[in-house]
Amino acid sequence: MIGAGLIGSAAARHLAQMGHDVTLIGPGEPADWATHEGVFASHYDEGRITRGLDSMPFWAQASRASIARYAEIEAASGIPFFQEVGGLMAGPDMEAAAQEGRKGQVSFEELTPSKARGAFGFVIPDGFEVLHEAADAGHISPRRLVAAQQRAAAALGCKRIEEVVRHTEDGRVTTDKAVHHFDQVLWAAGGFGAPHLDLPLDVQGRTVTFFEVAGPMPDLPTLIFANGVEIDIYLLPPIQYADGKHYFKIGGGPHDKPLRTEGEMRAWYQSGGDPAAAQALDKTFRALVPDVEVISTHWKPCVTMYAPDELPFIGRLDPATCVATAGNGRGAKCSDELGRLGAMALLGEEDPALAPMRFRP
Ligand SMILES: Cc1cc2nc3c(=O)[nH]c(=O)nc-3n(C[C@H](O)[C@H](O)[C@H](O)COP(=O)(O)OP(=O)(O)OC[C@H]3O[C@@H](n4cnc5c(N)ncnc54)[C@H](O)[C@@H]3O)c2cc1C
């Protein structure tokens, strides 16, 4: 398994649970982003939105399958990572998401913008539609989910090699330190894996802005705000970080930066993010949540990886190699299902109804 992130760690747990001999290869989180010369990942954070509602059937199904297993992963690892605070989705037209929700029997209610403001303080324009998913939705800590998957996998015998992979061929894996041999290899290395794969993957640098507040607001759900013009804005309620402080987090909007090579991606993480994007997000945040007293703000870089049709690539590349990648901005909440589908592809047991196996000619 190449990539000890969200999808790779999930795939490792699933394969170990099925009794296979599994090795998870990949480094941990860098201590100092500004000087780190290796690879980075998209899960170095405490908050990712999770929800069963999605306008695209694949993502709706993959999310619900993953959410249904959160409790099992928490119990197996002893690491809690899910906060069931609920979630809102708002935009000019939410019918596609509502329809998928009804098909999948997701429990949600429709709110008016004024009701959303009264209940949660979010200012959503008049005429927008608002869907509120109160149960089985909220946020996960991607760091803790990775730790939980790895601990559960290790308890089932999964081995770990903390090295960076440079090349793979016919099951031979060359890292920065050694050469290893495996029967089968699964690439699940996120954005930094893209340059190794001959697939139409689009890696974008994104900036997220954090707003320090006095403490937790346990009744506040997450919010996805689609204004129909920019990339959706997403907002997470205050979450406690390692420094003990609580931060709202906002991301999305128009400031993506295309990144093509490993060097460009590394330089993006080392740069600390885009101040202009952070400023735009600051404005959006204060318009969406005007009644909150902000103590301080800061921002960080991250990368998101997209495929042209907004579906992940999961499937076989050659007789010894499979891939499970491209979260399309949704890959944290459904990483357990994406990892499971990657594991099934590796075993040659893809379910065509579930795995979007569409490697184009
Ligand atoms: C700002 C931001 C907000 C997001 N919000 C959400 C959200 O609210 N909800 C949601 O569901 N998703 C969200 N996402 C998307 C989600 O975080 C990603 O889809 C998810 O992290 C993808 O998982 P992954 O395993 O593919 O990649 P990663 O989590 O990036 O893991 C990849 C792993 O591969 C390793 N690796 C890379 N290169 C190599 C190599 N050469 N050798 C060995 N190991 C290597 C890395 O070290 C890393 O551990 C967000 C993403 C960003 C950037």
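Look up: the structure comes first, before these words.
The structure contained in this document is the topic of the report that follows. (Residues numbered from 1 in each chain as written. Predicted model: local features only at pLDDT ≥ 70, side-chain atom pairs only at ≥ 80, totals over all residues.)

**Here we look at the environment of Leu 201**
Moving on, step 1. Here Leu 201 lies in the loop between helix H7 (190–193) and strand S13 (202–213).
Moving on, step 2. A residue is classified by how many C-beta atoms lie within 10 Å of it, and Leu 201, with 18 of them, is partly exposed.
Moving on, step 3. Put simply, Leu 201 and Gly 191 are 10 residues apart on the chain and 8.6 Å apart in space, counted from C-alpha to C-alpha. (Helix = DSSP H or I, 4+ residues; strand = E, 2+ residues; numbered from the N terminus. Buried ≥ 20, exposed ≤ 12 C-beta atoms within 10 Å, placed from the backbone.)

**A short note on helix H1 (residues 6–17)**
Moving on, step 1. Across its 12 residues, H1 extends 17 Å between first and last C-alpha, which sits within 8% of the 16 Å expected from 1.5 Å per residue.
Moving on, step 2. Residues of H1 that are buried: Leu 6, Ile 7, Gly 8, Ser 9, Ala 10, Ala 11, Ala 12, Arg 13, His 14, Leu 15 and Ala 16.
Moving on, step 3. At its buried positions, H1 is contacted by strand S1 (23–25), helix H6 (142–155), strand S12 (185–187), strand S20 (321–325) and helix H10 (335–346).
Moving on, step 4. Backbone geometry just downstream of H1 places Gly 19 in the positive-phi region, at approximately 95°. (Expected span 1.5 Å × (residues − 1). Contact = placed C-beta atoms within 7 Å.)

**Topic: the site of the ligand**
Moving on, step 1. Gly 3, Gly 5, Gly 190, Gly 327 and Gly 331 are the nearest of the 39 residues found near the ligand.
Moving on, step 2. Residue assignment for the shell around the ligand shows that the elements contributing at least two residues are H1, strand S2 (48–50), H7, S13 and strand S18 (296–306).
Moving on, step 3. Residue composition of the shell around the ligand, grouped by class: 20 nonpolar, 15 polar and 4 charged. (Near = placed C-beta within 6 Å. Nonpolar A, V, L, I, M, F, W, Y, C, P; charged D, E, K, R; others polar.)

**As for the packing of H1 against H10**
The relative placement of two packed helices is expressed as an angle between their axes plus a distance between the axes.
Moving on, step 1. Relative to each other, H1 and H10 sit at 60°, their axes nearing to 7 Å. Here H10 runs oblique to H1, going by the angle between their axes. Seen from above, H1 lies across H10 with right-handed handedness. Note on element contacts: H10 touches H1 through Ser 335, Asp 336, Leu 338, Gly 339, Arg 340, Gly 342 and Ala 343, opposite Leu 6, Ile 7, Ala 10, Ala 11, His 14 and Leu 15.
Moving on, step 2. Residue composition of the contact of H1 with H10, grouped by class: 7 nonpolar, 4 polar and 2 charged. (Axes fitted to C-alpha atoms, helices over the stretch in contact; angles between N-to-C directions. Parallel < 35°, antiparallel > 145°, perpendicular 65-115°, else oblique. Left-handed = near helix turned anticlockwise from the far one by under 90°.)

**Quick notes on the packing of helix H2 (residues 57–67) against H10**
Moving on, step 1. Packing of H2 against H10 brings their axes to within 7 Å, and their N-to-C directions diverge by 100°. Accordingly, the angle class assigned to the pair H2 and H10 is roughly perpendicular. Here H2 contributes Ala 62, Ala 65 and Ser 66 to the contact with H10, which in turn contributes Ser 335, Asp 336, Glu 337 and Leu 338.
Moving on, step 2. Along the lines of polarity and charge, the residues of the contact of H2 with H10 split into 3 nonpolar, 2 polar and 2 charged.

**Some remarks on the sheet that holds strand S7 (residues 138–140)**
Moving on, step 1. The 3 strands lie next to each other as S2-S7-S3, forming an open sheet whose pairing is antiparallel. A strand with exactly one partner marks an edge of an open sheet, and here the two such strands are S2 and strand S3 (82–83).
Moving on, step 2. In the sheet, S2 pairs with S7 via 3 bridges, with the strands oriented antiparallel. Looking at the pairing, Arg 48 lines up with Ile 140 of S7. (Pairing = 2+ DSSP bridges.)

**Points about the pairing of strand S4 (residues 87–91)**
Moving on, step 1. With 5 of 5 residues buried, S4 lies mostly within the body of the structure.
Moving on, step 2. Relative to strand S6 (residues 129–133), S4 is paired through 5 bridges, and the arrangement is antiparallel. Looking at S6, one finds that Leu 88 is bridged to His 132.
Moving on, step 3. Examined bridge by bridge, S4 and strand S14 (residues 222–225) share 4 bridges and lie parallel to one another. When the sheet's bridge partners are listed, Leu 88 is paired in S14 with Leu 223.

**What about the environment of Thr 209?**
Moving on, step 1. With respect to the helices and strands, Thr 209 occurs in strand S13.
Moving on, step 2. Thr 209 sits in the buried class, given 23 other C-beta atoms within 10 Å.
Moving on, step 3. Once the C-alpha coordinates of Thr 209 and His 298 are considered, the two residues, 89 residues apart in sequence, prove to be 5.9 Å apart.
Moving on, step 4. Each residue touching Thr 209, except ones within four places of it in the same chain, is listed here: Ile 250, Ala 278, Leu 281, Asp 282, Phe 285, Thr 297 and Trp 299.

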